[in-house]
Amino acid sequence: MKKVLLISLLLVASLGLVSCGSSDAPLTEAEQAEKVNMTIEEYRETKNAAAKMNMTVDNHMNMTDNEGSENTNDMMESTDDSDMIE
């Protein structure tokens, strides 16, 4: 009985250690730039701009992607705000 328990415990421990051993390395800047279809220089510029705004690169790129569509909507809406002026 003790042998079975000991073998089971060792098997579980070894499987746990094996599963923790395979970790993925983070992407390099070149790989990240390729992933978003940018040159390394463009990616670095975007990354620096995002850092200045305390944002991640992904958030910054999403913000700039959405910004263009919001501007066209604002320009198309023509409302009379004269009643708001005192």
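My aim in this report is to walk through the structure given alongside it, one point at a time. (Residues numbered from 1 in each chain as written. Predicted model: local features only at pLDDT ≥ 70, side-chain atom pairs only at ≥ 80, totals over all residues. Heavy atoms only, no water.)

1. Section: the overall build of the chain
The helix and strand tally for the chain stands at four helices and zero strands. Counting helices and strands in the order they occur from the N terminus, the chain gives α-α-α-α. Looking at the chain residue by residue over its 86 residues, the buried ones come to 8%. On the chain, roughly 7900 Å² of surface is accessible, and the fraction owed to carbon and sulfur atoms is 57%. (Helix = DSSP H or I, 4+ residues; strand = E, 2+ residues; numbered from the N terminus. Buried < 20%, exposed > 50% of the residue type's maximum accessible area, 1.4 Å probe, protein only. Areas by Shrake-Rupley, 256 points an atom, 1.4 Å probe, with all protein chains shown as cover.)

2. A word on unusual backbone geometry
Non-glycine residue Asn 37 carries a positive phi angle of around 55°. Locating Asn 37 in the fold gives a position in the loop between helix H2 (29-35) and helix H3 (40-52). Judged by relative accessible area, which is 71%, Asn 37 ranks as exposed.

3. Details of the side chain of Thr 46
Along the chain, Thr 46 falls in helix H3. According to the relative accessible area criterion, Thr 46 is buried, its value standing at 14%. For Thr 46, the side chain forms a polar contact with the main-chain oxygen of Glu 42, separated by 2.9 Å. (Polar contact = N/O pair within 3.5 Å; in protein donor to acceptor, adjacent residues only side chain to side chain.)

4. Some points on the pattern of salt bridges
Note on pairing: side chains with opposite charge can pair once their charged atoms come close. According to the stated counting rule, one finds two salt bridges in the structure shown. Ionic pairing is found between Glu 29 and Arg 44, a salt bridge with its closest N-O pair at 2.7 Å. With a gap of 15 residues between them, Glu 29 in helix H2 and Arg 44 in helix H3 connect regions that are remote in the sequence. On the basis of relative accessibility, which here comes to 24%, the residue Glu 29 falls in the partly exposed class. Glu 29 is the partner of Lys 47 in a salt bridge, and the nearest nitrogen-oxygen pair spans 2.8 Å. One end of the pair, Lys 47, is in helix H3; the other, Glu 29, is in helix H2, with 18 residues separating them in the sequence. Judged by its relative accessible area of 33%, Lys 47 falls in the partly exposed class. (Salt bridge = Lys/Arg side-chain N within 4 Å of Asp/Glu carboxyl O.)

5. Describing H3
Spanning 13 residues, H3 covers 18 Å between terminal C-alpha atoms, matching the ideal 18 Å at 1.5 Å per step. Of all the positions in H3, only Tyr 43, Thr 46 and Ala 50 are classed as buried. Along the axis of H3, the buried residues cluster in a sector spanning 65°; they form a single face. Exposed residues lying more than 90 degrees from the buried face of H3 are Glu 41, Glu 45 and Lys 52. (Expected span 1.5 Å × (residues − 1). Arc of directions from axis to C-beta.)

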